[in-house]
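# Geometric and topological summary
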Amino acid sequence: MANEFPTNDPRNVWQNQPTEAFKMSAEQLRLKAQQRQSKARFEAITQITIGLVLCIFFARAIPATRELVSRLGFVVLSVWSLYLAYQAYRWIWPGRVKQQAAASVTVESYRAELEKRRDYALNIWQKAGLTFCFLGIALVLGPTVVRSLAAPRLLWNVVPVLVLLIIWLAVFFPTRRRRQQKLRREIEELKGLERESRS
(Lines give C-alpha, C1' and ligand atoms only; values in the text may rest on other atoms or scores of the structure.)
Protein backbone atom coordinates (compact mmCIF):
# COMPACT_ATOMS: atom_id res chain seq x y z
CA MET A 1 0.00 0.00 0.00
CA ALA A 2 1.07 3.58 -0.62
CA ASN A 3 0.64 4.82 2.99
CA GLU A 4 2.40 1.94 4.70
CA PHE A 5 5.72 2.75 6.33
CA PRO A 6 8.83 1.04 4.99
CA THR A 7 9.68 -1.57 7.64
CA ASN A 8 13.29 -2.20 6.67
CA ASP A 9 14.71 1.09 8.01
CA PRO A 10 13.73 2.01 11.60
CA ARG A 11 15.09 5.56 11.24
CA ASN A 12 12.98 6.12 8.13
CA VAL A 13 9.90 4.77 9.93
CA TRP A 14 10.52 7.08 12.90
CA GLN A 15 11.13 10.17 10.75
CA ASN A 16 8.12 9.58 8.46
CA GLN A 17 5.52 8.88 11.12
CA PRO A 18 2.66 11.37 11.22
CA THR A 19 2.88 13.96 13.98
CA GLU A 20 -0.01 15.37 15.92
CA ALA A 21 -0.37 19.09 16.27
CA PHE A 22 0.62 20.39 19.70
CA LYS A 23 -2.64 21.63 21.19
CA MET A 24 -3.13 23.32 24.52
CA SER A 25 -5.91 25.58 25.72
CA ALA A 26 -5.15 29.06 27.04
CA GLU A 27 -6.08 27.92 30.56
CA GLN A 28 -3.78 24.87 30.39
CA LEU A 29 -1.00 27.09 29.10
CA ARG A 30 -1.50 29.61 31.91
CA LEU A 31 -1.51 26.79 34.46
CA LYS A 32 1.70 25.35 33.04
CA ALA A 33 3.32 28.81 33.04
CA GLN A 34 2.28 29.34 36.67
CA GLN A 35 3.70 25.94 37.67
CA ARG A 36 6.96 26.82 35.93
CA GLN A 37 6.90 30.20 37.70
CA SER A 38 6.45 28.58 41.15
CA LYS A 39 9.24 26.11 40.46
CA ALA A 40 11.58 28.88 39.25
CA ARG A 41 10.76 31.04 42.27
CA PHE A 42 11.58 28.14 44.63
CA GLU A 43 14.83 27.44 42.78
CA ALA A 44 15.80 31.13 42.87
CA ILE A 45 15.07 31.41 46.61
CA THR A 46 17.12 28.26 47.23
CA GLN A 47 20.12 29.56 45.27
CA ILE A 48 19.88 33.03 46.84
CA THR A 49 19.79 31.47 50.31
CA ILE A 50 22.74 29.21 49.51
CA GLY A 51 24.69 32.19 48.15
CA LEU A 52 24.03 34.29 51.27
CA VAL A 53 24.84 31.43 53.68
CA LEU A 54 28.09 30.70 51.79
CA CYS A 55 28.96 34.40 51.85
CA ILE A 56 28.60 34.51 55.65
CA PHE A 57 30.55 31.24 56.04
CA PHE A 58 33.45 32.42 53.85
CA ALA A 59 33.45 35.92 55.41
CA ARG A 60 33.76 34.38 58.89
CA ALA A 61 36.73 32.32 57.72
CA ILE A 62 38.67 35.43 56.58
CA PRO A 63 39.85 36.66 60.01
CA ALA A 64 40.40 33.07 61.23
CA THR A 65 42.91 32.36 58.43
CA ARG A 66 46.57 33.24 59.05
CA GLU A 67 47.93 32.95 55.52
CA LEU A 68 47.44 35.90 53.19
CA VAL A 69 46.82 33.76 50.07
CA SER A 70 44.15 31.66 51.80
CA ARG A 71 42.58 34.82 53.24
CA LEU A 72 42.42 36.28 49.74
CA GLY A 73 40.79 33.03 48.57
CA PHE A 74 38.07 33.36 51.20
CA VAL A 75 37.50 36.99 50.13
CA VAL A 76 37.08 35.84 46.50
CA LEU A 77 34.70 33.05 47.58
CA SER A 78 32.69 35.44 49.74
CA VAL A 79 32.27 37.95 46.90
CA TRP A 80 31.49 35.10 44.48
CA SER A 81 28.71 33.87 46.79
CA LEU A 82 27.05 37.29 46.70
CA TYR A 83 27.43 37.36 42.91
CA LEU A 84 25.82 33.89 42.72
CA ALA A 85 22.83 35.09 44.78
CA TYR A 86 22.45 38.20 42.59
CA GLN A 87 22.64 36.21 39.35
CA ALA A 88 20.09 33.69 40.65
CA TYR A 89 17.68 36.57 41.23
CA ARG A 90 18.46 38.13 37.87
CA TRP A 91 18.26 35.00 35.68
CA ILE A 92 16.08 32.51 37.56
CA TRP A 93 13.49 34.68 39.32
CA PRO A 94 10.42 34.55 37.03
CA GLY A 95 8.47 37.45 35.58
CA ARG A 96 4.75 37.77 36.30
CA VAL A 97 2.19 35.82 34.28
CA LYS A 98 -0.96 37.92 33.93
CA GLN A 99 -4.12 36.08 34.92
CA GLN A 100 -6.30 37.49 32.13
CA ALA A 101 -3.67 37.70 29.39
CA ALA A 102 -4.48 36.44 25.90
CA ALA A 103 -3.06 33.05 24.96
CA SER A 104 -0.56 34.60 22.51
CA VAL A 105 0.80 36.92 25.24
CA THR A 106 1.05 34.00 27.67
CA VAL A 107 2.91 31.89 25.09
CA GLU A 108 5.33 34.72 24.33
CA SER A 109 6.06 35.53 27.98
CA TYR A 110 6.38 31.82 28.86
CA ARG A 111 8.75 31.25 25.95
CA ALA A 112 10.77 34.35 26.94
CA GLU A 113 11.18 32.96 30.47
CA LEU A 114 12.28 29.58 29.11
CA GLU A 115 14.77 31.24 26.75
CA LYS A 116 16.15 33.30 29.64
CA ARG A 117 16.66 30.10 31.64
CA ARG A 118 18.23 28.40 28.62
CA ASP A 119 20.69 31.28 28.20
CA TYR A 120 21.58 31.09 31.89
CA ALA A 121 22.16 27.32 31.65
CA LEU A 122 24.24 27.66 28.46
CA ASN A 123 26.48 30.35 29.97
CA ILE A 124 26.51 29.12 33.56
CA TRP A 125 30.29 29.47 33.90
CA GLN A 126 30.07 33.21 33.22
CA LYS A 127 26.61 33.95 34.62
CA ALA A 128 27.15 32.10 37.93
CA GLY A 129 30.81 33.13 38.11
CA LEU A 130 32.06 29.55 38.53
CA THR A 131 35.52 30.62 37.36
CA PHE A 132 35.83 32.82 40.46
CA CYS A 133 34.57 29.97 42.63
CA PHE A 134 37.36 27.69 41.42
CA LEU A 135 39.91 30.51 41.68
CA GLY A 136 38.89 31.06 45.32
CA ILE A 137 39.11 27.33 46.07
CA ALA A 138 42.57 27.20 44.48
CA LEU A 139 43.74 30.18 46.58
CA VAL A 140 42.37 28.63 49.79
CA LEU A 141 43.86 25.19 49.15
CA GLY A 142 47.07 26.36 47.43
CA PRO A 143 49.18 26.97 50.57
CA THR A 144 48.20 23.58 52.04
CA VAL A 145 49.15 21.83 48.79
CA VAL A 146 52.51 23.67 48.70
CA ARG A 147 53.22 22.75 52.34
CA SER A 148 52.27 19.14 51.64
CA LEU A 149 55.20 18.86 49.21
CA ALA A 150 57.48 18.99 52.26
CA ALA A 151 55.12 17.01 54.52
CA PRO A 152 52.89 14.68 52.41
CA ARG A 153 50.62 13.89 55.38
CA LEU A 154 49.20 17.45 55.08
CA LEU A 155 47.74 16.47 51.70
CA TRP A 156 45.05 14.54 53.60
CA ASN A 157 43.62 17.91 54.68
CA VAL A 158 42.83 18.69 51.02
CA VAL A 159 41.38 15.29 50.06
CA PRO A 160 37.83 15.83 51.45
CA VAL A 161 37.44 19.08 49.49
CA LEU A 162 38.74 17.45 46.31
CA VAL A 163 36.38 14.47 46.74
CA LEU A 164 33.40 16.83 47.19
CA LEU A 165 34.50 18.81 44.13
CA ILE A 166 34.73 15.65 42.01
CA ILE A 167 31.28 14.48 43.18
CA TRP A 168 29.81 17.93 42.42
CA LEU A 169 31.30 17.92 38.90
CA ALA A 170 30.04 14.37 38.28
CA VAL A 171 26.50 15.46 39.20
CA PHE A 172 26.66 18.96 37.67
CA PHE A 173 27.36 18.11 34.01
CA PRO A 174 24.67 15.41 33.48
CA THR A 175 22.07 17.48 35.36
CA ARG A 176 22.92 20.54 33.29
CA ARG A 177 22.62 18.55 30.04
CA ARG A 178 19.20 17.16 31.04
CA ARG A 179 17.90 20.62 31.95
CA GLN A 180 19.10 22.06 28.65
CA GLN A 181 17.38 19.30 26.69
CA LYS A 182 14.13 19.78 28.61
CA LEU A 183 14.21 23.55 28.10
CA ARG A 184 14.94 23.09 24.39
CA ARG A 185 11.95 20.74 24.02
CA GLU A 186 9.60 23.12 25.83
CA ILE A 187 10.78 26.08 23.73
CA GLU A 188 10.21 24.11 20.51
CA GLU A 189 6.71 23.11 21.68
CA LEU A 190 5.85 26.74 22.39
CA LYS A 191 7.24 27.88 19.03
CA GLY A 192 5.02 25.26 17.38
CA LEU A 193 2.04 26.54 19.36
CA GLU A 194 2.82 30.12 18.28
CA ARG A 195 3.01 29.04 14.63
CA GLU A 196 -0.35 27.26 14.92
CA SER A 197 -2.01 30.27 16.53
CA ARG A 198 -0.82 32.53 13.68
CA SER A 199 -2.10 30.22 10.93
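Residues numbered from 1 in each chain as written. Predicted model: local features only at pLDDT ≥ 70, side-chain atom pairs only at ≥ 80, totals over all residues. Heavy atoms only, no water.

## Notes on the environment of arginine 41
Convention followed: Each helix is a run of H or I in the DSSP string that is no shorter than four residues. Each strand is a run of E no shorter than two, and both are numbered from the N terminus. Whether two residues are in contact is decided by their heavy atoms, any of which lying within 4.5 Å being enough.
When you line up the elements, arginine 41 lands in helix 2 (residues 26-64). Those residues in contact with arginine 41 that lie beyond four places of it in its chain are Trp93 and Pro94.

## A look at the nonpolar core
Which entries qualify depends on this criterion: By nonpolar core we mean a set of buried residues, namely Ala, Val, Leu, Ile, Met, Phe, Trp, Tyr and Cys, connected to one another through side-chain atoms within 4.5 Å. The cut-offs for exposure are 20% and 50% of the maximum accessible area for each residue type, with area from a 1.4 Å probe on protein chains only; residues under the lower value are buried, those over the upper are exposed, and the others partly exposed.
If you look at the biggest cluster of nonpolar residues, it comprises 21 residues, and the most contacted ones within it are Phe74, Leu77, Trp80, Tyr120, Ile124, Ala128 and Leu130. Per-element tally for this core: the top contributor is helix 3 (residues 68-91), with 6 residues. Apart from the residues within four sequence positions on either side, alanine 128 is in contact with Trp80, Tyr83, Leu84 and Tyr120. Formed by 9 residues, the second largest nonpolar core is a distinct cluster that contains Leu114, Ile187, Leu190 and Leu193.

## Thoughts on the packing of helix 3 against helix 6 (residues 130-150)
Think of two packed helices as two axes; the pair is described by the angle between the axes and how far apart they sit. Using the following cut-off: Lines fitted to C-alpha atoms define the axes here, with helix axes fitted over just the stretch in contact, and angles between the N-to-C directions of these axes take values from 0 to 180 degrees. By the definition adopted for this analysis, an angle is roughly parallel if under 35 degrees, roughly antiparallel if over 145, roughly perpendicular if from 65 to 115, and oblique otherwise. In this scheme, a crossing is called left-handed if the near helix is turned counterclockwise away from the far one by less than a right angle; it is called right-handed if the turn is clockwise. Gly is put with the polar residues, along with every residue not named as nonpolar or charged; the nonpolar set is Ala, Val, Leu, Ile, Met, Phe, Trp, Tyr, Cys and Pro, and the charged set is Asp, Glu, Lys and Arg.
As a packed pair, helix 3 and helix 6 sit with axes 7 Å apart at the nearest point and diverge in direction by 160°. Considering the angle they form, helix 3 stands roughly antiparallel to helix 6. Our pair here, helix 3 against helix 6, has a crossing hand that is left-handed. Listed contacts from helix 6 to Val69, Ser70, Leu72, Gly73, Phe74, Val76, Leu77 and Trp80 of helix 3 are Leu130, Phe132, Cys133, Gly136, Ile137, Leu139, Val140 and Pro143. Among the residues forming the contact of helix 3 with helix 6, the class breakdown is 13 nonpolar, 3 polar and no charged.

## Details of the pattern of salt bridges
Here is the rule: Salt bridges are defined by distance alone: a side-chain nitrogen of Lys or Arg within 4 Å of a carboxyl oxygen of Asp or Glu.
All told, the structure shown has 5 salt bridges when counted by the stated rule. As a salt-bridge pair, arginine 117 and glutamate 43 come within 3.0 Å of each other at their nearest N and O atoms. Within this pair, whereas arginine 117 is found in helix 4 (residues 103-122), its partner glutamate 43 is found in helix 2, the two being separated by 74 residues in sequence. An identical accessibility class is assigned to arginine 117 and glutamate 43; each is buried. The salt bridge involving glutamate 67 is made with arginine 147; its shortest N-O contact spans 2.1 Å. Residue glutamate 67 is found in the loop between helix 2 and helix 3, and its partner arginine 147 is found in helix 6; the two are separated by 80 residues along the sequence. Here arginine 147 falls in the partly exposed class, since its relative accessible area comes to 38%. When salt bridges that share partners are traced, they join Glu43, Arg117 and Arg179 into one network.

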